[in-house]
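Geometric and topological summary
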Amino acid sequence: MASAKIVVIDYHKGNLLSVQHGLAAVGGEAVISDAPKDISTASGLVLPGVGSFENAMEYVNASGQGEAILDALDRGVPFLGICLGLQLLFARGEERSGERGLPHENEEPVAAGTPGDDRWVAGLGFFPGSVTRLRSGRLKVPHVGWDQVYPTAVGESSRLLRGVPSGANFYFTHSYALADDVDPALVAARTHYARSFGSAIAQDSVFGVQFHPEKSSATGLVVLSNFVDIVRAGGVR
């Protein structure tokens, strides 16, 4: 199969080398770049996730990365969002960079257009839907460690999760997750911690996972290998 350049998008948060190394381990040609021009010419894109929703969106918007990402998505360039990189695809999130906007454990999110709406940070908005805090009086939040992923009917037919058995364990580290207002037709897998949340999404050549495949041993490499194959094929057709 032909080689195709994958750009791991650098928005100046966290160590991206583990993602690059994971892609290389399955035969992917991956480079790290923060330049919108590189995003625009990539054969595939990976948006990793470290840091807060608000800080990430501030950089993505100011740098021009957001516009380049949305243009690539509109053109059908294969895309994989990891953890926060998945969350940024959606319309809004309630994770602020400081204490402002953080909800109490048992507090319900405020709907858009109502008093308290300033809690929300606008995401890339490629998909409608929200990202909200995991809330539990019993389980520890952040959700850190290995947990099970259960593909939905969408996931069972998705090339990204090909070869991933139901209940496979992946590594998670997060306090926020997709909310119930996300279209079920997008949800490729679910995980149950504090609540049931979408832990993978898939639509055409756009994918996202809440877990970290690059930290998830052999099963994580299956997901990365599947994505590399999708990029080499020029996307899902």
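The structure contained in this document is the topic of the report that follows. The structure presented is a predicted model; accordingly, all values stated were derived computationally and were not measured.

Some words on the sheet that holds strand β5 (residues 90–93)
Read across the sheet, 4 strands follow the order β6-β5-β7-β10 without closing on themselves; strand pairing throughout is mixed. The sheet is open, and its two edges are formed by β6 (121–122) and β10 (176–178), each paired on a single side. With 2 bridges joining them, β5 and β6 adopt antiparallel strand pairing. Counted as the bridge partner of Arg-92 is Ala-122 from β6.

A few points about the layout of surface pockets
The volume enclosed by the largest pocket comes to roughly 160 Å³. If you trace the largest pocket, you find 13 residues lining it, with Gly-51, Cys-83, Thr-173, His-174 and Ser-175 closest to the centre. Elements with a minimum of two residues in the lining of the largest pocket: α5 (84–87) and β9 (168–174). Across the lining of the largest pocket, the residue classes tally to 5 nonpolar, 7 polar and 1 charged.

Considering the packing of helix α1 (residues 17–25) against helix α7 (residues 217–232)
Each pair of packed helices can be summarised by the angle the axes make with each other and by the distance between the axes. In the contact formed by α1 and α7, the axes pass within 9 Å of each other and the chain directions differ by 70°. Taken together, the axes of α1 and α7 are roughly perpendicular relative to one another. Here Gly-22, Leu-23 and Ala-25 of α1 come into contact with α7, specifically with Leu-221, Leu-224 and Val-228. Broken down by class, the residue content of the contact of α1 with α7 amounts to 5 nonpolar, 1 polar and no charged.

Quick word on the nonpolar core
Ranked by internal contacts, the top residues of the largest apolar core, which has 37 residues, are Leu-23, Val-46 and Leu-80. For this core, the elements supplying multiple residues, two or more each, are β1 (5–9), α1, β4 (79–82), β9, β11 (187–193), β12 (195–203), β13 (206–209) and α7. Top element by residues in this core is α7. It accounts for 6 residues. For Leu-23, the contacting residues outside a window of four places in its chain are Ile-6, Val-8, Gly-28, Ala-30, Val-46, Leu-224 and Val-228.

Observations regarding the pairing of strand β8 (residues 143–151)
Sheet faces and side chains relate simply in a regular strand, where the side chains alternate between the two faces. Alignment of β8 against β9, held across 7 bridges, turns out to be antiparallel. Looking across to β9, one finds that Asp-147 is bridged to Phe-170. Where β8 lies against β11, 2 bridges are found, and the strand directions are antiparallel. For Pro-151, the partnering residue across the bridge sits in β11 and is Ala-189.

A few points about the sheet that holds β11
Read across the open sheet, the 9 strands follow the order β2-β1-β3-β4-β13-β12-β11-β8-β9; overall the sheet is mixed. The strands lining the two open edges of the sheet, one partner per strand, are β2 (29–33) and β9. Between one strand and the next, the sheet's axes are offset by a mean angle of 30°, whatever the strand orientation. Of the pairings in the sheet, the one linking β1 to β2 comprises 5 bridges and is parallel in character. Bridge pairing in β2 places Ile-9 opposite Ser-33. Strands in contact with α7 are β1, β3 (44–47), β4, β8, β9 and β13; relative to β9, the strand with the most contacts, it is inclined by about 90°.

What counts, and where the lines are drawn
Residues numbered from 1 in each chain as written. Predicted model: local features only at pLDDT ≥ 70, side-chain atom pairs only at ≥ 80, totals over all residues. Heavy atoms only, no water. Pairing = 2+ DSSP bridges. Helix = DSSP H or I, 4+ residues; strand = E, 2+ residues; numbered from the N terminus. 1 Å grid on protein atoms, 1.4 Å probe; cavity = no way out; pocket = protein on both sides within 12 Å on 5 of 7 lines; lining within 4 Å. Points joined across faces, edges and corners; volume = space filled by probe spheres on them. Nonpolar A, V, L, I, M, F, W, Y, C, P; charged D, E, K, R; others polar. Axes fitted to C-alpha atoms, helices over the stretch in contact; angles between N-to-C directions. Parallel < 35°, antiparallel > 145°, perpendicular 65-115°, else oblique. Contact = heavy atoms within 4.5 Å. Core = buried A, V, L, I, M, F, W, Y, C linked by side-chain atoms within 4.5 Å. Buried < 20%, exposed > 50% of the residue type's maximum accessible area, 1.4 Å probe, protein only.

Any functional reading would require information that these geometric values do not contain.
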